[in-house]
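Here are the chains, one letter per residue:
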Amino acid sequence: MKFYWIKTNWFIKKIFSNYTWDVSNAGNTVYLTFDDGPIPEVTDWVLAELKKHGFKATFFSIGENITKYPEIFKKVISEGHSIGNHTYNHLNGWNTSTEDYIENVARCEEAIGKNTNQNLKSKLFRPPYGKIKTAQSKAIQKLGYKIIMWDVLSADFDTTISREQCLDNVLSNVKPGSIIVFHDSQKAFKNLEYVLPKTLAFLKEKKFNCDVL
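Student: Quick question: what am I supposed to make of the overall build of the protein chain here?
Tutor: Per the secondary structure count, the protein chain includes eight helices and eight strands. On C-alpha atoms alone, the protein chain measures out to a radius of gyration of 16 Å, which is about the 17 Å that the 2.2 N^0.38 rule sets for 213 residues. With the C-alpha coordinates aligned to their principal axes, the bounding extent of the protein chain is approximately 45 × 40 × 35 Å. Relative to its full complement of 213 residues, the protein chain shows a buried share of 53%.

Below, the structure written as structure tokens:
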């Protein structure tokens, strides 16, 4: 049986306080994030939905996908969204040596740098699966990265849950400052296609702002 937290426990946030789980603010702002892209059609659709509401988001991109689909990646940037490093091959840190993990992060950073007009290198990092060893996180932070986790997990990647449950995961747990995780991937799209438009409409109705990290 799969196990994951939809709402990250406060105790976990306290133990791992060197990671960013949410962002306190007085502006009723939440932070939408999308992992695993860029992916043809899916990422384009996400960008179109965000544009309808004038919302911005942060995309944690896989280096291999950036290399395969550079034009989609560049479109994310040109439309005013933020980008983050999600390793080059979507590595599970728990199953990877620190040396190999850092090398993979560097490969993703290189792909980001090659495909941004200003040769910018994002300094936001999210570990795939949320799994990262202490030595890996320390090494990444020494490179200047801010490690971004989450407050609310939509679980759109879970093909065993209904799209209605996926939507409830978000709407029942979002609050000002929440960092919310979606996935612009083929696997998640069945749930995302239903959940994202309704989430954006809800946030607009409740007068939330959506900004980049």
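Student: Sorry if this is basic, but what is going on with the side chain of H81 here?
Tutor: By the secondary structure assignment, H81 is in the loop between α4 (70–78) and β3 (82–85). We classify H81 as buried; its relative accessible area is 8%. Within the structure, H81 has its side chain in polar contact with the backbone nitrogen of A57 (distance 3.1 Å). If we skip the residues at most four places from it in the chain, H81 touches L47, L50, F55, K56, A57, F59, V76 and V212.

Student: I'm lost on a nonpolar patch on the surface in this one. Help?
Tutor: A surface patch of nonpolar side chains, about 450 Å² in accessible area, is lined by W10, F11, I15 and F16. Along the polypeptide, F16 turns up in the loop between α1 (10–15) and β1 (29–35).

Student: Explain the pattern of salt bridges here, please?
Tutor: Inspection of every chain in the model, using the stated rule, returns eleven salt bridges. Measuring nitrogen to oxygen at the nearest pair gives 2.6 Å for the salt bridge that ties D151 to K13. With D151 in the loop between β5 (146–147) and β6 (152–153) and K13 in helix α1, this residue pair connects regions lying 138 residues apart in the sequence. Exposure class is identical for D151 and K13. Each is buried. Salt bridges here are not isolated pairs; linked through shared partners, they connect K7, K13, D22 and D151.

Student: Quick question: what am I supposed to make of the nonpolar core here?
Tutor: In a soluble, globular protein the nonpolar side chains are often hidden away together inside. Of all hydrophobic cores here, the largest spans 39 residues; its most connected members are L32, F34, L50 and F182. The contacts of L50, once residues within four sequence positions are left out, are L32, F34, F55, A57, F59, H81 and L200. Y101, Y145, I148 and V181 belong to the second-largest nonpolar core, a separate cluster that totals 21 residues.

Procedures and definitions
- Residues numbered from 1 in each chain as written.
- Predicted model: local features only at pLDDT ≥ 70, side-chain atom pairs only at ≥ 80, totals over all residues.
- Heavy atoms only, no water.
- Helix = DSSP H or I, 4+ residues; strand = E, 2+ residues; numbered from the N terminus.
- Rg over C-alpha atoms; globule rule 2.2 N^0.38 Å.
- Buried < 20%, exposed > 50% of the residue type's maximum accessible area, 1.4 Å probe, protein only.
- Polar contact = N/O pair within 3.5 Å; in protein donor to acceptor, adjacent residues only side chain to side chain.
- Contact = heavy atoms within 4.5 Å.
- Patch = residues over 30% accessible without salt bridge, like charges linked within 9 Å, V, L, I, M, F, W, Y side chains within 5 Å.
- Areas by Shrake-Rupley, 256 points an atom, 1.4 Å probe, with all protein chains shown as cover.
- Salt bridge = Lys/Arg side-chain N within 4 Å of Asp/Glu carboxyl O.
- Core = buried A, V, L, I, M, F, W, Y, C linked by side-chain atoms within 4.5 Å.

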